[in-house]
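Listed below are the residues making up each chain.
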Amino acid sequence: MHSKQTILDRELFTQALRHMGEEDLLYLNRMVVERLNLLAQARSTVELAQFAEGDRVQFTATDGSVKHGVVLRLNKKTASVLTSEGQSWKVSPGLLRKAVAG
């Protein structure tokens, strides 16, 4: 919370929510989901902009192993990476790191 105005706005919003009917709440839910998706897409775009095709990268796989590879393609939400083991992965840009030269 950044200011007293923000706190007051949130309190007023909470009060308004308590008086909304199902139709209004469903509409509001759709608007919130759309806004969250837009923010996530913007964040993903900024994160993807840090990489280019051909970049050497690394990421931690779901099993905890660190994979090394090359960015083949930048997709809308992910980067296609070919690992040194020859596996193809679609990786969220937030999980990618530029590989350390060496």
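Here the structure is a predicted model, which is why all the values come from computation and not from measurement.

**Student:** Can you walk me through the overall build of the protein chain in this structure?
**Tutor:** When its secondary structure is counted, the protein chain shows 2 helices and 5 strands. Put simply, the protein chain runs from its N terminus to its C terminus through helices and strands in the order α-α-β-β-β-β-β. The C-alpha atoms of the protein chain give 20 Å as radius of gyration, which overshoots the globular expectation for 102 residues (13 Å, by more than 25%). In terms of principal-axis extent, the alpha carbons of the protein chain reach across some 60 × 30 × 25 Å. The 102 residues of the protein chain split such that 19% are buried. Contacts in the protein chain between residues at least 24 apart in sequence constitute 35% of all its contacts with a sequence separation of at least 6.

**Student:** Where do I start with the environment of Phe 59 in this structure?
**Tutor:** Its location among the elements puts Phe 59 in strand E1 (residues 56-60). Taking the C-alpha atoms as reference points, Phe 59 and Arg 10, 49 residues apart in sequence, are found 38 Å from one another.

**Student:** Where do I start with the sheet that holds strand E3 (residues 79-83) in this structure?
**Tutor:** Backbone-to-backbone hydrogen bonds join strands into a sheet, with any given pair of strands oriented parallel or antiparallel. In space, the 5 strands of this open sheet follow the order E4-E3-E2-E1-E5, with antiparallel pairing throughout. Each end of this open sheet is capped by a strand with a single partner; those strands are strand E4 (88-91) and strand E5 (97-98). Alignment of strand E2 (residues 66-74) against E3, held across 5 bridges, turns out to be antiparallel. Looking at E3, one finds that Val 71 is bridged to Val 81.

**Student:** Looking at this structure, how should I read the nonpolar core?
**Tutor:** Generally speaking, soluble globular proteins have nonpolar side chains that are buried together. Core analysis: the biggest nonpolar cluster contains 9 residues, these being Leu 48, Phe 51, Val 57, Phe 59, Val 71, Ala 79, Val 81, Val 91 and Leu 96. At the level of secondary structure, the elements contributing two or more residues to this core comprise E1 and E3. In contact with Val 57, not counting residues within four places along its chain, are Phe 51, Lys 67, His 68, Gly 69, Val 71, Val 81, Leu 96, Arg 97, Lys 98 and Ala 99.

**Student:** Before we go on, may I ask you to explain the pattern of salt bridges in this structure?
**Tutor:** A side chain with one charge can pair with a side chain of the opposite charge if their charged atoms come near. If you walk through the whole model with that rule in mind, you get 1 salt bridge. For the salt bridge of Lys 98 with Asp 55, the shortest nitrogen-to-oxygen distance reads 3.2 Å. Of the two residues, Lys 98 sits in strand E5 while Asp 55 sits in the loop between helix H2 (22-48) and E1, which places them 43 residues apart along the sequence. For Asp 55, a relative accessible area of 18% corresponds to the buried category.

**Student:** Looking at this model, I keep getting lost on the pairing of E1. Mind explaining?
**Tutor:** Each regular strand displays side chains that alternate between the two surfaces of the sheet. Across 5 bridges, the pairing between E1 and E2 is antiparallel. When the bridges of E2 are listed, Phe 59 appears paired with Lys 67. In this antiparallel pair of consecutive strands, E1 and E2, the connection spans 5 residues, and Gly 64 shows a positive phi of 90°. Note: E1 against E5, 2 bridges, orientation antiparallel. Bridge pairing links Gln 58 to Arg 97 in E5.

Rules behind the numbers
Residues numbered from 1 in each chain as written. Predicted model: local features only at pLDDT ≥ 70, side-chain atom pairs only at ≥ 80, totals over all residues. Heavy atoms only, no water. Helix = DSSP H or I, 4+ residues; strand = E, 2+ residues; numbered from the N terminus. Rg over C-alpha atoms; globule rule 2.2 N^0.38 Å. Buried < 20%, exposed > 50% of the residue type's maximum accessible area, 1.4 Å probe, protein only. Contact = heavy atoms within 4.5 Å. Pairing = 2+ DSSP bridges. Core = buried A, V, L, I, M, F, W, Y, C linked by side-chain atoms within 4.5 Å. Salt bridge = Lys/Arg side-chain N within 4 Å of Asp/Glu carboxyl O.

In short, shape yes, function no, at least from these values alone.
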